[in-house]
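Descriptive structure summary
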2 protein chains.
Amino acid sequence: MKRYSQLAQTLGQRIEQGLYRPGDRLPSVRTLSEEYGVSISTVQQAYRVLEDSGLVEPRPKSGYFVPERRHIPALPAMTRPAQRPVEISQWDQVLEQVRSAPGGELVQLGRGTPDIASPSLRPMQRAMANAARRTDLRSLGYEGIQGSLPLREQISRLMLDSGCQVPPSELVITTGCQEALAVTLRAICQPGDIVAIDSPSFHGAMQALKAHGLKALEIPTDPANGVSLEALELAMEQWPVKLILLTPNCNNPLGYIMPDARKRALLNLAQCYDVPILEDDVYGELAYCYPRPRSIKSFDTDDRVLLASSFSKTVAPGLRTGWVAPGRYLDRILHFKYIASGTCAPQPQMALAEFVGGGHYEPHIRRMRAQYQRHRDLMSDWVYRYFPEGTRASRPQGGFMLWVELAPEFDSVRLNQLLRSEGVQVAAGNIFSASGKYRNCLRMNYSNRELARIEEAVRKVGAGATALTADLRRLAESEPA
Amino acid sequence: MKRYSQLAQTLGQRIEQGLYRPGDRLPSVRTLSEEYGVSISTVQQAYRVLEDSGLVEPRPKSGYFVPERRHIPALPAMTRPAQRPVEISQWDQVLEQVRSAPGGELVQLGRGTPDIASPSLRPMQRAMANAARRTDLRSLGYEGIQGSLPLREQISRLMLDSGCQVPPSELVITTGCQEALAVTLRAICQPGDIVAIDSPSFHGAMQALKAHGLKALEIPTDPANGVSLEALELAMEQWPVKLILLTPNCNNPLGYIMPDARKRALLNLAQCYDVPILEDDVYGELAYCYPRPRSIKSFDTDDRVLLASSFSKTVAPGLRTGWVAPGRYLDRILHFKYIASGTCAPQPQMALAEFVGGGHYEPHIRRMRAQYQRHRDLMSDWVYRYFPEGTRASRPQGGFMLWVELAPEFDSVRLNQLLRSEGVQVAAGNIFSASGKYRNCLRMNYSNRELARIEEAVRKVGAGATALTADLRRLAESEPA
Ligand SMILES: Cc1ncc(COP(=O)(O)O)c(C=O)c1O
Ligand SMILES: Cc1ncc(COP(=O)(O)O)c(C=O)c1O
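Analysis parameters
Residues numbered from 1 in each chain as written. Chains lettered and ligands numbered in written order. Predicted model: local features only at pLDDT ≥ 70, side-chain atom pairs only at ≥ 80, totals over all residues. Heavy atoms only, no water. Helix = DSSP H or I, 4+ residues; strand = E, 2+ residues; numbered from the N terminus. Buried < 20%, exposed > 50% of the residue type's maximum accessible area, 1.4 Å probe, protein only. Areas by Shrake-Rupley, 256 points an atom, 1.4 Å probe, with all protein chains shown as cover. Least-squares fit on C-alpha atoms with pLDDT ≥ 70 in both. Contact = heavy atoms within 4.5 Å. Buried area = accessible area lost by both parts, 1.4 Å probe. Polar contact = N/O pair within 3.5 Å; in protein donor to acceptor, adjacent residues only side chain to side chain. Nonpolar A, V, L, I, M, F, W, Y, C, P; charged D, E, K, R; others polar. Salt bridge = Lys/Arg side-chain N within 4 Å of Asp/Glu carboxyl O. Phe/Tyr/Trp six-rings, centres within 6.5 Å; stacked < 30°, edge-to-face > 60°. Lys NZ or Arg CZ within 6 Å of the ring centre and 35° of its normal. Pairing = 2+ DSSP bridges. Right-handed = clockwise from strand over helix to strand, strands pointing away. Axes fitted to C-alpha atoms, helices over the stretch in contact; angles between N-to-C directions. Near = heavy atom within 4 Å. pLDDT = per-residue confidence, 0-100.

What chain A contains, in helices and strands, is 16 helices and 17 strands. Expressed along its principal axes, the backbone C-alpha trace of chain A runs to roughly 70 × 65 × 45 Å. In chain A, buried positions account for 61% of the 481 residues. About 18,700 Å² of surface is accessible on chain A, with carbon and sulfur atoms providing 48% of the total.

Moving on: the relation of the copies chain A and chain B. For these two chains of identical sequence, chain A goes onto chain B by a turn of 180° and a shift of 0.1 Å along the axis, with RMSD 0.3 Å. On this basis, the relationship between the two copies can be described by a two-fold rotation axis. Of every C-alpha in chain A, the one belonging to A:A129 sits nearest the axis of rotation, 2.3 Å from it. Both copies contact each other with a shared surface, as 100% of the interface residues of chain A are interface residues in chain B too.

Further remarks concern the interface of chain A and chain B. Taken together, the 64 residues of chain A in the interface contact 64 residues of chain B. Both faces considered, chain A and chain B share a buried interface measuring about 5,400 Å² in area, 63% of it formed by carbon and sulfur atoms. By the criterion of area lost to chain B, the three top residues of chain A are A:L140, A:Y142 and A:Y338, representing 15% of everything that side buries. Linking chain A with chain B are 24 residue pairs in polar contact (both at pLDDT 80 or more), by the criterion used here. When residues in the side of chain A that touches chain B are grouped by element, the largest group, seven residues, is from helix 12 (residues 330-341) of chain A. Here the residues of the side of chain A that touches chain B sort into 29 nonpolar, 23 polar and 12 charged.

Side-chain pairs of opposite charge can arise whenever the charged atoms involved come near each other. What the rule picks out here adds up to 42 salt bridges over all chains. A salt bridge links A:D274 to A:R304; the shortest N-O distance between them is 3.1 Å. In this pair, A:D274 is assigned in the loop between helix 11 (260-272) and strand 10 (277-280) and A:R304 in the loop between strand 10 and strand 11 (305-310), connecting sequence segments 30 residues apart. Here B:D471 ties to B:R474 by a salt bridge, and the two come within 2.6 Å at their closest N and O atoms. Pair noted here: B:D471 and B:R474 are both in helix 16 (residues 451-478), with a separation of three residues, about one helical turn. A relative accessible area of 52% means that B:R474 is categorised as exposed. Bridged by salt links that share partners, the residues A:D274, A:D302, A:R304 and A:R328 form one connected network.

Attention now moves to the packing of aromatic side chains. This model, assessed by the stated rule, comprises 16 aromatic pairs over all chains. When the centroid spacing of 5.4 Å and the interplanar angle of 90° are considered together, the rings of A:W403 and A:F432 count as edge-to-face. With A:W403 in strand 14 (residues 401-405) and A:F432 in the loop between strand 16 (427-428) and strand 17 (441-445), this residue pair connects regions lying 29 residues apart in the sequence. Among the residues examined, A:F432 registers a relative accessible area of 0% and is labelled buried. Here B:F311 and B:W323 contribute two aromatic rings whose centre-to-centre distance is 5.0 Å and whose plane-to-plane angle is 55°, an arrangement assigned as tilted. With B:F311 in the loop between strand 11 (305-310) and strand 12 (322-325) and B:W323 in strand 12, this pair connects stretches of sequence that are 12 residues apart. Comparing B:F311 with B:W323, the two get one shared label, buried. Among the aromatic residues, those joined into a ring-pair cluster are A:Y283, A:Y372 and A:F400. Here the guanidinium or amino end of A:R59 rests over the ring plane of A:F65, the centre of that ring lying 4.0 Å away.

All right, on to the pairing of strand 5 (residues 194-198) of chain B then. All names here are of chain B. In terms of residue burial, strand 5 counts as a mostly covered element, since five of its five residues are buried. With five bridges joining them, strand 5 and strand 6 (residues 215-219) adopt parallel strand pairing. Within strand 6, the position partnered with D198 by the bridge is I219. With helix 9 (residues 203-211) bridging strand 5 and its parallel neighbour strand 6, the resulting β-α-β unit is right-handed.

Here the focus is the environment of B:V315. Note on placement: B:V315 falls in the loop between strand 11 and strand 12. Those residues within four positions of B:V315 in sequence are excluded, and the remaining contacts are B:P114, B:I116, B:L121, B:M124, B:L352, B:F355, B:Y361 and B:H364.

This part takes up the sheet that holds strand 14 of chain A. Residues and elements named next belong to chain A. Spatially, four strands are ordered 13-14-17-16 in an open sheet, and the strand pairing comes out antiparallel. Two strands close off the open sheet at either side, each with one partner strand: strand 13 (392-393) and strand 16. Sheet topology places strand 13 next to strand 14; two bridges connect them, and they run antiparallel. Looking at the pairing, A393 lines up with V404 of strand 14. The sheet strands contacting helix 14 (residues 361-386) are strand 14 and strand 17, and the helix crosses strand 14 at an angle near 20°.

Moving on, we come to the site of ligand 1. Looking at ligand 1, there are 14 residues lining it, with A:N252, A:D280, A:S310, A:S312 and B:Y142 nearest. Residues near ligand 1 are shared among chains A and B, making this a multi-chain site. A:Q178 is positioned with one of its backbone polar atoms (N or O) 2.8 Å from an oxygen atom of ligand 1. Side-chain polar atom of A:D280 to a nitrogen atom of ligand 1: 2.5 Å apart, as the coordinates give it. Considered class by class, the residues forming the shell around ligand 1 number six nonpolar, five polar and three charged.

Residue and element names in this part refer to chain B. Spatial strand order, 13-14-17-16: four strands in an open sheet with antiparallel pairing. Both outer strands of the open sheet, strand 13 (392-393) and strand 16 (427-428), are each paired with one neighbouring strand and no more. With two bridges joining them, strand 16 and strand 17 (residues 441-445) adopt antiparallel strand pairing. Opposite A428, over in strand 17, you have L442 as the bridge partner.

Further remarks concern the environment of A:R99. Mapping A:R99 onto the fold places it in helix 4 (residues 91-99). Taking relative accessible area as the criterion, A:R99 reaches 39% and is therefore assigned partly exposed. Sequence spacing of A:R99 and A:P223 is 124 residues, and the spatial spacing of their C-alpha atoms is 29 Å. Among all residues touching A:R99, those that are not within four sequence positions of it are B:G144, B:I145, B:Q146 and B:L334.

For chain A, per-residue confidence averages 93 on the pLDDT scale, and 99% of positions sit at 70 or higher. Across the assembled chains, the prediction reports ipTM 0.87 with pTM 0.89.

What follows covers unusual backbone geometry. For the bond from B:S199 to B:P200, the omega torsion is 5°, close enough to zero to count as cis. Examined against the element boundaries, B:P200 turns out to sit in the loop between strand 5 and helix 9. That bond from B:Y290 to B:P291 is cis: its omega, -5°, falls within 30 degrees of zero. Tracing the backbone shows B:P291 in the loop between strand 10 (277-280) and strand 11. Look at A:D274: it is not a glycine, yet its phi comes out positive at around 50°. Positive phi outside glycine occurs at B:Y438, with the angle close to 65°. In this fold, B:Y438 is placed in the loop between strand 16 and strand 17. The buried category is assigned to B:Y438, whose relative accessible area is 8%.

A word on the side chain of B:S120. All names here are of chain B. Here S120 shows up in the loop between strand 3 (107-108) and helix 5 (122-133). Residue S120 is classed as buried on the basis of its relative accessible area of 13%. A polar side-chain atom of S120 sits 2.6 Å from a polar atom in the side chain of S118. Leave out the neighbours within four places in its chain, and S120 touches F355, H364, R367 and M368.

The following block contains the structure:
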């Protein structure tokens, strides 16, 4: 380990153990340099690492401080979706969200876009420009159906970090993770089949269930640990579940990381009932902890886990480049992938292979993780400050979305209507449930580096939520009991 | 009309009327300049136009000549597929074709790639490089679900040439034409439904039928005029056809353009039986005639035609940018498009909008049309020369594929196996039929500008076909009758 990393670790532990308290000034660079017998620049580097992970805060002309403690809203309770298979609704709400193009005046807190303005993405732009200059069949023709081999080699290597050994020959490149999900659902399920899912759950996956005529069996989910295994087992006993669909790492929308023991237990359960698992790992690389958490697939012994992912959250969604590691279902996946959209665009694949292979991906991801962790703390604090008292919020362990729960009678669809004139949009909670539950919840994106703009937007959302809550209370009170 | 165009037209007419005969030397540039009182460069330009459309041929140091007459193989007869709905097979053959990446030593005569090495695509490369340099949400984030508005505006304008007035708000950008087809099939049909298709028919569309659990009702098709309307009517009387799926313009694989009167009659039939039409127009812009042929959709009065297309054949398949004009089915198409792969990659959309909007598309297409027409004549000639006597071939009116029919007992799957060691691959005919008919046929691509390489490849295919035909004959003769 480098000297500055060692020093950063030591200081970081002291802060976390409470040796330095919120608001305390930390030892000066010179003092530490003398105390540890290291150079000034080593100490400065160590402080920069700590700053990046949000543990210290520079104040102009007065040195480094432990940040004031952020206020953290309480976690929501375990969710309680309906315990039976239901057909998916809410398409109209989703459509409203995905219809508009980005880039206007609207602050789209509701969408799942990462920070794509990071300087660490510059090599990616260069790689795209390089790809654009090529005129050969490889860059403008039809790729092979499994996708670019150099890119599959890089993905195979990255997957080692999550404990998975998947050779390039067992990977299929897809048009984003969405296509990976849609293709998998079609390859595994028949119309009418029941799919067990975490709840709340990503709307794109849920709408894919709807499109395939599948029913969702929403499983109660704990905002800190993920899907309830007890509830899942009960459900599997009671219903002929055909597939389990989960996002165990840095879940969208709740942000939890399912502990490894629970991942193993879940896999056991799937084995017992002989059901495949579709694991969505699209945010797994954005865990705030290092090394990144393991995937369920990494524990898989009989190739029953299909892992779907993409570079949409780690690099940029506009590349539309994802993949699936389909385990024993490779042949079926190839067929459904081919009919869905043919082969994938070669240029983004070339550019990604260059970006990852050139060693630019890891530093970018490290930077993003630290940034998103800092932003999470800020966003939590803003929710605490600007939202009605009693508002709860998730405590994401990765990714860049906060889930916010308001009073039971709250209506985030109406909130979005109110917010339209304010130029802000959140994701209404009901699109994350098959049956339209979670209307009293909402999801906000904190990836954006323009913090002042985002704080202002959250303030507006909070003010709107406060006003709406008061309205709803008045209404409830004026109604005859 | 420009002077040189006028002159080119005059000379062209004389050649076509037989005033100059194949092999004749044409008047020198100087003679014509004096005769018509125009400048030397005007005559030179006129000759270049004639050269581009294959009517004259320059010979080094001796001036311009009327090309020797090409040999033209006879047309195949009307096709005779099984007259009942069948489930689609042949996936293994298709997979073999789409598995390999391009760019190796293999000459892939079997794939549907246009000429992407044309200098007229340079502005497109510049546009892609421009898009790659941008770092905003618009270029790297999630587009709106309908796709880029500037691109839809350009497509809407281009569609006027086919007689269609479709506003940008009624277009949906898709991941290539394949996604447009797949999404449409899902939006319109339920598993088990019957779809009437031309026969032979594009394997991607057919495999999409298979993936959706649909049955194909293959309609006898005339290699010069398209699907038999009589047969289609009979089929519709007899079976509950849910959708008609056709490629009426520059058909893949047969290359015909359905005459307008037949397009109208087909639409009438669809109206009578109240069935929607899915019109694949992916080659429509590559018709050798000018102006380009009308689409069936241009005659549509009650929004029952869904037109699917892409820039894959006109610009480059690696862009994976297509569209659907879904008529009355817009809402359903949006849903199925969203779940299939989310929104489409913004950079190719930006670049295409720049390429088309900047006036580079039309000259490129004109150039490609002329090139493909010349290549068609060459390819027909090669087939006549190198294939067994009695081989028939299509007479494409657009696009860049020739359909070749050999003796009934011929086996193009075996031919491909033989050709593997020769580094050549063709598309075996059976992948163009739901039930594996047309095994005695094959399809070859003539887009490529490296003519010597292609001629050599065709020569190898012809030699292989001749040898295999002889083998099969011997075998048949040695068998007891
Ligand atoms: C959990 C989850 N899976 C999949 C996707 C889709 O990813 P992509 O943009 O790569 O299709 C998203 C995007 O929002 C997501 O949140
Ligand atoms: C008739 C036809 N339709 C659709 C397609 C698919 O086009 P795209 O590459 O745009 O998905 C092809 C490509 O071969 C085709 O020949």
